[in-house]
Amino acid sequence: MGRKLLLDKAHIEGIRYYDTYRSNGGYTAAEKALKTLGPDGVLDEVKKSGLRGRGGAGFPTGMKWSFIAKPEGVPRYLVCNADESEPGTFKDRYLMEHIPHLLIEGLLISSFALGANSCYIYIRGEYAWIPEILEQAIAEAKNKGWLGKNILGTGYDLEIYVQRGAGAYICGEETALIESLEGKRGNPRIKPPFPAVKGLWQCPTVVNNVETLAAVVPIINIGGDEYIKFGTGKSTGTKLISACGNINKPGVYEIEMNISVEEFIFSDEYCGGIKNNKRLKACIPGGSSVPVLPANLLLKTAKGETRMMTYESLADGGFATGSMLGSGGFIVMDEDQCIVRNTLTFARFYHHESCGQCSPCREGTGWMKKVLHNIEYGKGKMSDIDLLWDIQRKIEGNTICPLGDAAAWPVAAAIRHFRDEFEWHVLNPDESQKRNYGIAHY
Ligand code: L3W
Ligand code: SF4
């Protein structure tokens, strides 16, 4: 059995409530941080742990925290990105629902390390029932003296606020999130300046994902040196993976980042193999934004090495033959799935969610959707495949925020690895038209 650091206590009845969480070792890391380590000690442990952002980019957390500007008399903020909207990603929801105090404790330690006295949890609007769970946990923690004024008699003050989003995917992009938190339309800002310098209300702000901030708790409990022993290389610690698609056991799994993709898909401890004994066709290992990999490149790298569930191994080969761990949204497809249809579904999503600020994304996502729709429904031409390739290339790298890239990469990977399926649709228009998958025709 793989070792767990985040969900090890998630099965305990009543762990959602303060008393049970506390009696099972909860808030010992906060005590250690505030009373013994101090802000610099916490930062040192986080740096030593090698923790990388769990929201998708994998940026080193300790480094991000060190970037925070500290101008005299200017407040600093910690913002917890709980706007989990990446298709295929539902790990933060699980964590917040089952063990909310782990997040609250992580927010307390992280805010303390950053010198922030206000912390915001920006939560996806569709997670309508979770703010109540979080607010209850915050009230309990405050009642027990872990929030509010002069926490543990250290002179440190902290308030945590929960802010609901209104259902826009783009508000998961950190600067759009900040705009939304300020009460404005969630349009991404141009970076730099990064939020660490000018973030919320133009003040230094760190934005981290839910899982990242929760991981600070075990790091402080066991120490950064122990944390790196879970995992390999630059993929230290454990990672939550939300697994879905054609597998026997969809769900949220905590893995040590030292297991192979094959073990994750086929072992009974995790996904339990492909449903109905079908063959594995492809997988999107890190949420809809990352490249799809065909089975042969998923289980082994192009060099013939075992593909591991790590940041490095999943990216091995670059986008030519690799992908990304991303947000850990693991979408498995069996032999019956149509890659063109899948790519169209994502294209519709990105077009719908584009904020429209930059032309390559605003126009390109809609154009890709239309061309994909034509191909999928037997109205495509061979030249459309090259046209699609051309459009995605013109989006990538030419936009304000990563949504443009996120829309381009799945299209590029689908054509790169499954060009024959696109061609099949073009060559077999009657067959293509007959297939009705229930996708809205627009
Ligand atoms: C200060 C510098 N800070 C970088 C910070 C930056 C940010 C972090 C990473 O997008 C990706 C996206 C999705 N001084 C800095 C600095 N930073 N240089 O580091 O930045 P970046 O731009 O690499 O990424 P990002 O904008 O945070 C995240 C991809 O993840 N994704 C996941 C999406 C996941 C969800 C979800 O539901 N959880 O939406 C999947 O692939 O496409 O490429 O904080 O400020 N010099
Ligand atoms: Fe908006 Fe798309 Fe530009 Fe991002 S890339 S700012 S979502 S138009």
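Whatever comes next refers back to the structure up there.
(A) The arrangement of the packing of helix α4 (residues 91-98) against helix α8 (residues 210-222) in detail. Remark: α4 packs on α8, axes separated minimally by 9 Å, with the N-to-C direction vectors making an angle of 50°. By the criterion of interaxial angle, the relationship of α4 to α8 is oblique. Listed contacts from α8 to Lys91, Asp92, Leu95 and Met96 of α4 are Val210, Glu211 and Ala214. A class-by-class count of the residues in the contact of α4 with α8 yields four nonpolar, no polar and three charged.

(B) Inspection of the sheet that holds strand β2 (residues 118-123) at higher detail. Across the sheet, which stays open at both edges, the five strands sit in the order β3-β4-β2-β1-β5 with mixed pairing between neighbours. Of all the strands in the sheet, the pair left with one neighbour each is β3 (148-151) and β5 (205-209). Averaged over all pairs of adjacent strands, the angle between their axes in this sheet comes to 25°, without regard to strand direction. Pairing of strand β1 (residues 77-82) with β5 involves five bridges; the strand directions are parallel. Paired with Cys80 across the strands is Asn208, a residue of β5. Those strands touched by helix α6 (residues 130-143) are β2, β3 and β4 (156-164), and its axis lies near 165° from that of β4.

(C) Molecular detail of helix α2 (residues 28-49). End to end, α2 covers just 18 Å across 22 residues, shorter than the expected 32 Å (1.5 Å per residue, more than 12% under). For α2, the full list of buried residues reads Ala29, Ala30, Ala33, Leu34, Gly38, Gly41, Val42, Leu43, Glu45, Val46 and Ser49. Looking at the residues trailing α2, positive phi occurs at Gly50, about 70°.

(D) Region of interest: the state of the cysteines. Taken as a whole and judged by the stated rule, the model has zero disulfides. No disulfide involves Cys283; its nearest neighbouring cysteine sulfur is the one of Cys271, lying 8.3 Å away. Taking relative accessible area as the criterion, Cys283 reaches 0% and is therefore assigned buried.

(E) Seen up close, the nonpolar core. Core analysis: the largest hydrophobic core is formed by 115 residues, its most contacted members being Trp65, Leu103, Ile104, Leu107 and Ile121. No other element matches the eleven residues that helix α17 (residues 403-427) contributes to this core. Core analysis: the second largest hydrophobic core is formed by 26 residues, Ile255, Cys271, Leu297 and Met309 among them.

(F) The arrangement of the pattern of salt bridges in detail. Summed over all chains, the structure comprises 26 salt bridges. A salt bridge links Arg22 to Glu31; the nearest nitrogen and oxygen atoms lie 3.6 Å apart. Given the relative accessible area of 29%, Arg22 is considered partly exposed. Of the residues examined, Glu31 reaches a relative accessible area of 26% and is grouped as partly exposed. For the salt bridge of Lys91 with Asp92, the shortest nitrogen-to-oxygen distance reads 2.8 Å.

(G) Expanded view of the site of ligand 2. What surrounds ligand 2 is a group of 13 residues, the closest being Cys355, Gln357, Cys358, Cys361 and Cys401. Along the lines of polarity and charge, the residues of the shell around ligand 2 split into eight nonpolar, five polar and no charged.

(H) Here's a closer look at the side chain of Arg52. In this structure, Arg52 sits in the loop between α2 and α3 (61-66). Contact partners of Arg52, with chain neighbours within four places excluded, come to Gly58, Phe59, Pro60, Thr61, Lys234, Tyr311 and Glu312.

(I) Structural context of the site of ligand 1. Of all residues adjacent to ligand 1, which total 20 residues, the nearest are Gly55, Lys64, Ser85, Glu86 and Glu174. Between an oxygen atom of ligand 1 and a side-chain N or O atom of Lys64, the distance comes to 2.6 Å. Separating an oxygen atom of ligand 1 from a backbone N or O atom of Glu86 is a distance of 2.9 Å. Taken together, the residues of the shell around ligand 1 sort by class into nine nonpolar, six polar and five charged.

(J) Just the pairing of strand β10 (residues 280-284), in detail. Counting buried residues along β10, five of its five residues qualify, which places the element largely inside the surrounding structure. Here β10 pairs with strand β12 (residues 329-334) via four bridges, running antiparallel. Paired with Ala282 across the two strands is Met333, which belongs to β12. The pairing of β10 with strand β11 (residues 293-294) spans two bridges and is classified as antiparallel. Its bridge partner being in β11, Cys283 is matched across the sheet by Leu293.

What counts as what
- Residues numbered from 1 in each chain as written.
- Chains lettered and ligands numbered in written order.
- Predicted model: local features only at pLDDT ≥ 70, side-chain atom pairs only at ≥ 80, totals over all residues.
- Heavy atoms only, no water.
- Axes fitted to C-alpha atoms, helices over the stretch in contact; angles between N-to-C directions.
- Helix = DSSP H or I, 4+ residues; strand = E, 2+ residues; numbered from the N terminus.
- Parallel < 35°, antiparallel > 145°, perpendicular 65-115°, else oblique.
- Contact = heavy atoms within 4.5 Å.
- Nonpolar A, V, L, I, M, F, W, Y, C, P; charged D, E, K, R; others polar.
- Pairing = 2+ DSSP bridges.
- Expected span 1.5 Å × (residues − 1).
- Buried < 20%, exposed > 50% of the residue type's maximum accessible area, 1.4 Å probe, protein only.
- Disulfide = S-S within 2.5 Å.
- Core = buried A, V, L, I, M, F, W, Y, C linked by side-chain atoms within 4.5 Å.
- Salt bridge = Lys/Arg side-chain N within 4 Å of Asp/Glu carboxyl O.
- Near = heavy atom within 4 Å.
- Polar contact = N/O pair within 3.5 Å; in protein donor to acceptor, adjacent residues only side chain to side chain.

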